[in-house]
Amino acid sequence: MDIYIVSIGKVTAGWISQGIDEYEKRIVKYIKFYSKILPDVTKSKIPVPLRVKEEGKLFLNEISGSDFVVLLDEKGVEFTSEQFSGWLEKMMVSGKKRLLFLIGGPYGFSDEIYKRKDAMLSLSKMTFTHEMAKLFATEQIYRGLSILRGDPYHHN
């Protein structure tokens, strides 16, 4: 299985970008991992509903019919790191070729994306910037994989 994080907008904060890069380097030691950044259409002067719809089209262009699509959304299911690790393991043996984690823009996901999702996970009940969400998601993917491997990164 290949894991992807597909997000709206570039990470502009250098320290966040460094953290993401560090965890991405660690993840690829365990599994094929890719990060795709989609253009931030929220900076255009179109109304918010149209912005969200445009972002939805960008996401849909990245998704194939056989992908398992996970929205990172504050209304999603919350896991402990151990539970997330177990969930990742089930995904890895599911026969799916690609697991996509989607991180939306500041106004969330379009209705089309909510309809296409296979699961919705929450990093927290709090709201984060897309940059922070990407850092936290990348770290948790690494943590989950390290738990599966029995590596000493995670402590109970």
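This structure is a prediction, so every number in the text was calculated from the model and none was measured.

A. A look at the side chain of S7. Within the secondary structure, S7 sits in strand β1 (residues 2-8). Contacts of S7, omitting those with residues within four sequence positions, involve K36, I37, L38, I103 and K134.

B. Representation of the packing of aromatic side chains within the structure. All chains considered together, the criterion is met by 13 aromatic pairs. Judged by centre distance (6.0 Å) and plane angle (40 degrees), the ring pair of Y23 and Y142 falls under tilted. Of this pair, Y23 sits in helix α1 (residues 14-27) while Y142 is found in helix α5 (residues 130-149), placing the two residues 119 residues apart along the sequence. Neither residue differs from the other here; Y23 and Y142 are each classed as buried. Taking 6.3 Å as the distance between ring centres and 40 degrees as the angle between the ring planes, the aromatic pair formed by F79 and W87 counts as tilted. On the basis of relative accessibility, which here comes to 32%, the residue F79 falls in the partly exposed class. Ring pairs connect the aromatic residues F68, F79, F84, W87 and F101, which therefore count as one cluster. Over the aromatic face of Y4 sits the side chain of R98, whose NZ or CZ is 4.5 Å from the ring centroid.

C. Local environment of the pattern of salt bridges. A full pass over the atoms with the stated rule returns eight salt bridges. Residue E54 pairs with K57 through a salt bridge whose shortest N-O separation is 3.2 Å. With E54 and K57 both in helix α2 (residues 48-62), this residue pair falls three residues apart, about one helical turn.

D. Seen up close, the environment of S85. Tracing the chain through its elements places S85 in helix α3 (residues 81-92). The spatial distance from the C-alpha of S85 to the C-alpha of G104 is 23 Å, given a sequence separation of 19 residues. Residues in contact with S85, not counting those within four places in the same chain, are G144, I147 and L148.

E. Looking closely at the sheet that holds strand β2 (residues 32-38). The five strands are arranged β2-β1-β4-β3-β5 in an open sheet whose pairing can be described as parallel. In this open sheet, the two edge strands, each paired with only one partner strand, are β2 and β5 (119-122). Neighbour-to-neighbour, the strand axes of the sheet open up by a mean angle of 30 degrees, direction not taken into account. Taken together, the seven bridges between β1 and β2 define a ladder with parallel strand orientation.

F. Broad picture of a nonpolar patch on the surface. A surface patch of nonpolar side chains, about 260 Å² in accessible area, is lined by M92, V93 and L148. Considering the arrangement of structural elements, one finds V93 in the loop between α3 and β4 (98-103).

G. Geometry of α2. Compared with the 21 Å implied by 1.5 Å per residue over 15 residues, the 22 Å span of α2 between its first and last C-alpha is a close match. Every buried residue of α2 is listed here: R51, V52, E55, G56 and F59. Seen end-on, α2 carries its buried residues on one side only, within an arc spanning 140 degrees. On its buried face, α2 is in contact with β1, β2, β4 and α4 (111-116).

H. Layout of the layout of surface pockets. Taken as a whole, the largest pocket encloses approximately 450 Å³ of empty space. L72, E74, G105, T127 and F128 are the residues nearest the centre of the largest pocket, which is lined by 22 residues in total. It is strand β3 (residues 68-78) that contributes the most residues to the lining of the largest pocket, four residues altogether. In terms of residue class, the lining of the largest pocket is made up of eleven nonpolar, eight polar and three charged. For the second largest pocket, the lining is made up of 17 residues, of which F79, F84, S122, L123 and Q140 are closest to its centre. Broken down by secondary-structure element, the contributors of at least two residues to the lining of the second largest pocket are β3, α3, β5 and α5. Counting residues per element, the lining of the second largest pocket draws most heavily on α5, which supplies five residues. Here the lining of the second largest pocket is built from residues that sort into ten nonpolar, five polar and two charged.

Rules used in this analysis
Residues numbered from 1 in each chain as written. Predicted model: local features only at pLDDT ≥ 70, side-chain atom pairs only at ≥ 80, totals over all residues. Heavy atoms only, no water. Helix = DSSP H or I, 4+ residues; strand = E, 2+ residues; numbered from the N terminus. Contact = heavy atoms within 4.5 Å. Phe/Tyr/Trp six-rings, centres within 6.5 Å; stacked < 30°, edge-to-face > 60°. Buried < 20%, exposed > 50% of the residue type's maximum accessible area, 1.4 Å probe, protein only. Lys NZ or Arg CZ within 6 Å of the ring centre and 35° of its normal. Salt bridge = Lys/Arg side-chain N within 4 Å of Asp/Glu carboxyl O. Pairing = 2+ DSSP bridges. Axes fitted to C-alpha atoms, helices over the stretch in contact; angles between N-to-C directions. Patch = residues over 30% accessible without salt bridge, like charges linked within 9 Å, V, L, I, M, F, W, Y side chains within 5 Å. Areas by Shrake-Rupley, 256 points an atom, 1.4 Å probe, with all protein chains shown as cover. Expected span 1.5 Å × (residues − 1). Arc of directions from axis to C-beta. 1 Å grid on protein atoms, 1.4 Å probe; cavity = no way out; pocket = protein on both sides within 12 Å on 5 of 7 lines; lining within 4 Å. Points joined across faces, edges and corners; volume = space filled by probe spheres on them. Nonpolar A, V, L, I, M, F, W, Y, C, P; charged D, E, K, R; others polar.

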